[in-house]
2 protein chains.
Amino acid sequence: MKAKSRVLPIPAAQKKSVTLLGATGTIGQNTLKIIAAHPGRFEIAALTAGDNVELLAQQARQFLPKKAVIANPSLYGELKELLKGTSVEAAAGDDAVLEAASMPSDIVMSAIVGAAGLKPTLAAIRSGATVALANKECLVCAGALMTKEIKKYGATLIPVDSEHNAIFQLVPPLTSPPQAGGKEGGWEHVESVTITASGGPFREYTLEQMRTVTPQQAVKHPNWNMGAKISVDSATLMNKGLELIEAFYLFPLKPEQLNVLIHPQSIVHALVQMIDGSVLAQMSLPDMCTPIAHALAWPERIEAPVKKLNLGDIGNLQFETPDTARFPALSIAREALIRGGNAPTVLNAANEIAVHRFLKSEIGFLDIVKIIERTLENMDNVRLETIDDVLACDKAARRIAEES
Amino acid sequence: MKAKSRVLPIPAAQKKSVTLLGATGTIGQNTLKIIAAHPGRFEIAALTAGDNVELLAQQARQFLPKKAVIANPSLYGELKELLKGTSVEAAAGDDAVLEAASMPSDIVMSAIVGAAGLKPTLAAIRSGATVALANKECLVCAGALMTKEIKKYGATLIPVDSEHNAIFQLVPPLTSPPQAGGKEGGWEHVESVTITASGGPFREYTLEQMRTVTPQQAVKHPNWNMGAKISVDSATLMNKGLELIEAFYLFPLKPEQLNVLIHPQSIVHALVQMIDGSVLAQMSLPDMCTPIAHALAWPERIEAPVKKLNLGDIGNLQFETPDTARFPALSIAREALIRGGNAPTVLNAANEIAVHRFLKSEIGFLDIVKIIERTLENMDNVRLETIDDVLACDKAARRIAEES
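Residues numbered from 1 in each chain as written. Chains lettered and ligands numbered in written order. Predicted model: local features only at pLDDT ≥ 70, side-chain atom pairs only at ≥ 80, totals over all residues. Heavy atoms only, no water.

Asker: Account for the overall build of chain A, naming residues and giving values.
Answerer: For chain A, the helix and strand inventory stands at 18 helices and twelve strands. Its C-alpha atoms give chain A a radius of gyration of 21 Å, within 12% of the compact-globule value 22 Å for 404 residues. Counting only residues that meet the buried cut, chain A has 63% of its 404 residues in that class. Nonlocal contacts in chain A, meaning residues at least 24 apart in sequence, comprise 68% of its contacts between residues at least 6 apart. Of the roughly 15200 Å² that chain A leaves accessible, carbon and sulfur atoms contribute 51%. Treating the 39 positive side-chain charges of chain A as one cloud and the 43 negative ones as another, the clouds have centres 3 Å apart. (Helix = DSSP H or I, 4+ residues; strand = E, 2+ residues; numbered from the N terminus. Rg over C-alpha atoms; globule rule 2.2 N^0.38 Å. Buried < 20%, exposed > 50% of the residue type's maximum accessible area, 1.4 Å probe, protein only. Contact = heavy atoms within 4.5 Å. Areas by Shrake-Rupley, 256 points an atom, 1.4 Å probe, with all protein chains shown as cover. Lys, Arg positive; Asp, Glu negative; His and termini not counted. Charge placed at Lys NZ, Arg CZ, Asp CG, Glu CD.)

Structure (structure tokens):
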């Protein structure tokens, strides 16, 4: 981790305050489910949502945060009305979300989806908080920028994505300064890290078969219940390409130390190869409640409302080396990572557009990667110094990808 | 771990002194192979051996310990002669082994096989050393006694056995006092621990088929190259029964938190189920150099001369819940553990005799467990207060098992 170490874990007896950015999405709802299961351990400082004012108000009535913020300013009146008679302060608009993100709290869960999560997460980082990061764009599109700010403000980043959370569990940052002993098995002992991929619905397809697959075939993910866009990313393996980029910014690793392994059961989430031949792995049944509970409780652990893994029942774990000839998204993402600058941002934007065009049946499945390649070729590689640079690059790349 | 925590890891720049008890056995030789691969990191304080005076002298000439000790006193003259012209002091006899075990050194590798390892290991523990434990009898036959002494003298025990070393890697003891932060995921977050078993050559046999198996069939172990006695233990699954007992004394777990899972490939050595649904696992190709290197370097890690695991090449990991009807050794060992007192000592002694009788074709394969049961029934359950109590109990149990 590139984050400053915390000297003391929160004693279990003391309540941990949580700011939840993106309370009404899947990660947000699961976060509240876990918090509800541990009364007395957490208190909510603030909840924010984009448009879902009814659910936000309902959550605020249940958890009684200091503040509830709806990003869409036109919903301010409705939120205020729904919270009448409670102690919860209602607020609205993007600036109010940033203010909530900067409120003093022990942990900020950053679960806003997409580019909208960039500025609030940066605000949380700049307040020096411990940030549980569920937003992908922060590291894929603005990894260098975020990393710099994390160092500068002494923030701690705990990844919530199952693969990165797994790596964090296996090689966590020091919770005490290294000179006081620290813990065993730091990053200097890590040879390489492997994240797993289900392989998606076309794992065994030839390129020829992939040429004619339909959006309906692509969105059938074997293990996780996900949205259409992420399902297509899982079918192209671009989801793993993006996760390689995230891992690069989260952990002190070189691109060549990052690997992907196909593992259709999605039980093993990540593996860490140590220099002594030991491989440490984290497993669980596919349920986001485990990494969320881990991130909320770290450096402690708490019970999560999940079904427990029993390998005797499962019987079999399969692994295969990914075939980059059939899944070129992996190589393209790795190249973008090595190229650096705006390349990962362009890759992500072009992929979003290409996937949407595939979902609208405008292009074929194999064209997704071609559009990304053409967009990368058509944009100069420049450094992105601010979030506004990132957003401008994202916009430009989307326009090119639409026309490619 | 029931051991006192160390506040400071050894800085890599400073040489770590190693006392190696049992230098000429497999573990001893592998230990020296690893030490030879890291010149400048280790220095040998003492080497001891039982009877293999030629190899001991050769090792002493290569590694130049302060002292080389041969347990067999009749070989003193020969050792002295072989070490002429070196700085190495020659010594012989059981007391000289105990003296070597008590010498000040950073780590004592306890690799003497069998009951002969009990007193030297206890001597090392009483010197407050960090003890890398490869001897099984210390914990199986004298677990309660050893644990008491470890606490009393502030020693640290690092298990070398691949399963227990795996658990130690996944939930290591604190290297800094808990009040200074410690590390994440301590034992309070552990729900259960599972060690794996290859299942041995009769994994798929019915009881009827097992009735007539020969010693030759029993000693063919699929993954590890082991001696005849241990191979039979692997065929009955008594090796895992004994390891459950070891795990109980090594880690703060109740018997019902300890599980065994059949895993024919012997790649995953142990799994730790956390309360949040995470399962942490340690894997490696079956090579004792990995746990030895881990134990020698802990809390650091060093390169080990081993082939690295590639799950993409292996393709498949199988797991099955063990069938205690076909492998009753597991239940008997668990009962002995719960019964406590001298029961684990009796179990171990009776098993050794029964296995030897099977290897001499005196009894059938299924009689091994029956003899152990009868021996347990025929001995009173008493507490063992000293190593001499342990040795006397071991002797008495062997006599009964011979006649059962």
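Picking up where we left off.
Asker: An account of the sheet that holds strand E1 (residues 16-21) of chain A is requested, with residue identities and associated values reported.
Answerer: Residue and element names in this part refer to chain A. Reading across the sheet, the seven strands line up as E4-E3-E2-E1-E5-E6-E7 and stay open at both edges, with parallel pairing between neighbours. Each edge of the open sheet is held by one strand with a lone partner, namely strand E4 (89-92) and strand E7 (156-159). Averaged over all adjacent pairs, the angle separating strand axes in this sheet is 20 degrees, with direction ignored. As judged from the four bridges shared by E1 and strand E5 (residues 107-110), these two strands associate in the parallel manner. Each bridged residue has a counterpart across the sheet, and for Leu21 the counterpart in E5 is Ser110. Helix H5 (residues 118-126) contacts E1, E5 and strand E6 (130-133) of the sheet and is inclined by roughly 150 degrees relative to E6. (Pairing = 2+ DSSP bridges. Axes fitted to C-alpha atoms, helices over the stretch in contact; angles between N-to-C directions.)

Asker: How would you summarise the environment of Ile245 of chain A if you had to cite specific residues and measurements?
Answerer: Residues and elements named next belong to chain A. Within the secondary structure, Ile245 sits in helix H12 (residues 238-250). For Ile245, a relative accessible area of 0% gives the class buried. C-alpha of Ile245 to C-alpha of Leu55: the two residues are 190 residues apart in sequence and 33 Å apart in space. With sequence-adjacent residues up to four places away left out, Ile245 is seen in contact with Leu139, Val140, Ala333, Leu337, Pro344 and Leu347.

Asker: Go over the environment of Lys229 of chain B with me, naming the residues and quoting the values.
Answerer: Residues and elements named next belong to chain B. Its place among the elements puts Lys229 in helix H10 (residues 228-236). Among the residues examined, Lys229 registers a relative accessible area of 19% and is labelled buried. Sequence-wise, Lys229 and His356 are 127 residues apart; in three dimensions their C-alpha atoms are separated by 7.2 Å. A polar contact is formed between the side chain of Lys229 and the side chain of Asp233, at a distance of 2.6 Å. (Polar contact = N/O pair within 3.5 Å; in protein donor to acceptor, adjacent residues only side chain to side chain.)

Asker: Describe in detail the packing of aromatic side chains, supporting the description with residues and values.
Answerer: All names here are of chain A. The tally for this structure, following the rule as stated, stands at twelve aromatic pairs over all chains. A centroid spacing of 4.9 Å and a plane angle of 50 degrees characterise the contact between Phe202 and Tyr205, whose relative ring orientation is tilted. A relative accessible area of 24% means that Tyr205 is categorised as partly exposed. Taken together, Phe202, Tyr205, Phe358 and Phe365 form an aromatic cluster joined through their ring pairs. (Phe/Tyr/Trp six-rings, centres within 6.5 Å; stacked < 30°, edge-to-face > 60°.)

Asker: Describe in detail the packing of helix H15 (residues 343-359) of chain B against helix H16 (residues 367-377) of chain B, supporting the description with residues and values.
Answerer: All names here are of chain B. At their nearest, the axes of H15 and H16 sit 8 Å apart, and the two run at 145 degrees to each other. In this structure, the crossing between H15 and H16 has a hand that is right-handed. Facing H15, whose interface residues are Ala343, Val346, Leu347, Ala350, Asn351, Ala354, Val355, Arg357 and Phe358, H16 presents Ile368, Ile371, Ile372, Thr375 and Leu376. Its residues assigned to classes, the contact of H15 with H16 shows eleven nonpolar, two polar and one charged. (Left-handed = near helix turned anticlockwise from the far one by under 90°. Nonpolar A, V, L, I, M, F, W, Y, C, P; charged D, E, K, R; others polar.)

Asker: Any details on unusual backbone geometry? Residues and values, ideally.
Answerer: All names here are of chain A. Cis rather than trans, the peptide bond between Trp298 and Pro299 has omega equal to 5 degrees. Here Pro299 lies in the loop between helix H13 (289-297) and helix H14 (311-314). At Leu64, a residue that is not glycine, the phi angle is positive and equals roughly 45 degrees. Relative to the assigned elements, Leu64 resides in the loop between helix H2 (53-63) and strand E3 (67-70).

Asker: Give a description of helix H7 (residues 143-153) of chain A that names residues and reports values.
Answerer: Residue and element names in this part refer to chain A. Listed in full, the buried residues belonging to H7 are Gly143, Leu145, Met146, Thr147, Glu149 and Ile150. Elements in contact with the buried residues of H7: H5, helix H6 (137-140), E7, H12 and helix H18 (387-403). Among the residues trailing H7, Gly154 stands out with phi positive, at a value near 65 degrees.

Asker: Please provide a residue-by-residue account of the sheet that holds strand E4 (residues 89-92) of chain B, values included.
Answerer: All names here are of chain B. Judged by pairing direction, the sheet is parallel, and its seven strands sit side by side in the order E4-E3-E2-E1-E5-E6-E7 without closing on themselves. Single-partner strands in this sheet number two, and they are E4 and strand E7 (156-159). Averaged over all pairs of adjacent strands, the angle between their axes in this sheet comes to 20 degrees, without regard to strand direction. Relative to the sheet, helix H12 (residues 289-297) contacts strand E1 (16-21), strand E2 (42-49), strand E5 (107-110), strand E6 (130-133) and E7, its axis offset from that of E5 by approximately 155 degrees.

Asker: Tell me about the packing of H5 of chain A against H7 of chain A, and please be specific about residues and values.
Answerer: All names here are of chain A. It is the contact of H5 with H7, at a shortest axis distance of 8 Å, that shows an interaxial angle of 25 degrees. One way to sum up the angle between H5 and H7 is to call them roughly parallel. Counted together, Leu118, Leu122, Ile125 and Arg126 of H5 and Met146, Glu149, Ile150 and Tyr153 of H7 form the full contact between these two elements. Within the contact of H5 with H7, the residues separate by chemical class into six nonpolar, no polar and two charged. (Parallel < 35°, antiparallel > 145°, perpendicular 65-115°, else oblique.)

Any link to function would need more than the numbers given here.
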